[in-house]
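# Survey of secondary and tertiary structure
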Amino acid sequence: MFEEIKPEALYQKKTTQKLTFVDVRSPKEFEESTIPGSINIPLFSNEERAEIGTVYKQESPEAAKQTGLTLFSKKLPDFIAAFQQINTPITVFCWRGGMRSKTAATMVDLMGMQVSRLTGGIRAYREWTVGLLNTLDFLPELIVLNGHTGNGKTIILEKLASQGYPVINLEQMAGHRGSIFGQIGLEPTNQRTFDFLLLEKLLAYQHEPFILIEGESKRIGKVSLPEKLYQKKEASRQLFIELPIEQRIAHILEDYQPWNSPEKFTEAFAHLKRRIHTPIAKEIEQCLEDNAFETAVELLLVNYYDPRYDYASAYPASQQTFIKAQHVNEAMEKIKQEIQ
């Protein structure tokens, strides 16, 4: 008989053993959110799940079960064959730890494979995740990279991560750069997926002396930071990076590449132009129409982002350290000296 595993035990197994996590929900459910690192072997396609749901509502639960059994029996050989390609112990889960995961675990167990089932499904895993994020008693010191837009904070974090420093890239997890233009070219993450990714990183670094993050707002695109993490970030040491404006413009252009989708930048600018002095807003709009992106970025920095950032970054002097440099590599070396 297969083993039932609770979320906290599942995470421990995940970090200490080589396991394969199989989400047996429909492809649409899997795409919306799943436990990080999972693969999808669905019992039912999106259309089949919708059909079963219709039978459940219009006829009865028993009729829905019969429909599900009929549909699943036709695909049982292929379903088992997909599991047989896996050469590690397996944990299966569905939404609430109901019939889908129970059916999958039973079939896989009968075929002699080592399988367990997540008790309560992904919903229980989500509740466990939110519970830990609401306390964060295990959180080590945070060191926050701060500074005006374009100062290379994300670039520096990526470089430090590649050198083995404990880094959490919140923008990468959110699928958003944190500005009005931040979603362009990216796929935004929903809150459930963001929380899953964030908790795993926090737990992975819980025994480190510090974690490096970027100075983000409470909200990044479609997701929000947990209140405890946001409060901790605001009370932590802030390293303010200061690069020449030419470097900042170059970073922004390299990151966003507005020439690939100019219409999206014009559309995004329409949401904030009322907050900019009218003559300047018209000049920026004209620059975007003329593909004069370098000038448009400089005008946005000087007339919108920098003034807003100066207002929002009033931290006590005891929290602030300023890192002045000519380029990101110099800034990174100075940051490494600071945190060592």
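Residues numbered from 1 in each chain as written. Predicted model: local features only at pLDDT ≥ 70, side-chain atom pairs only at ≥ 80, totals over all residues. Heavy atoms only, no water.

Summed over all chains, the structure comprises 17 salt bridges. Residues E48 and K75 are paired through a salt bridge, measuring 2.6 Å at the closest nitrogen-oxygen approach. One end of the pair, E48, is in helix α3 (residues 46-58); the other, K75, is in helix α4 (residues 61-84), and 27 residues separate them in sequence. By relative accessible area, which is 16% here, E48 ends up buried. Two residues, E62 and K65, come together in a salt bridge whose shortest N-O distance is 3.7 Å. Linking E62 with K65, this pair stays in helix α4, spanning three residues, or about one helical turn. What makes K65 partly exposed here is its relative accessible area of 47%. When salt bridges with common partners are traced through the structure, they connect E29, R49 and R100 into a single cluster. (Salt bridge = Lys/Arg side-chain N within 4 Å of Asp/Glu carboxyl O. Helix = DSSP H or I, 4+ residues; strand = E, 2+ residues; numbered from the N terminus. Buried < 20%, exposed > 50% of the residue type's maximum accessible area, 1.4 Å probe, protein only.)

So, on to the pairing of strand β7 (residues 210-214). With five of five residues buried, β7 is to be regarded as a mostly interior element. Burial along β7 is two-sided: F210, L212 and E214 facing one way and I211 and I213 facing the other are all buried. Sheet topology note: the strand β6 (residues 141-146)/β7 ladder contains five bridges and is parallel. Residue E141 lies in a different strand from β7, and its bridge partner there is F210. (Pairing = 2+ DSSP bridges.)

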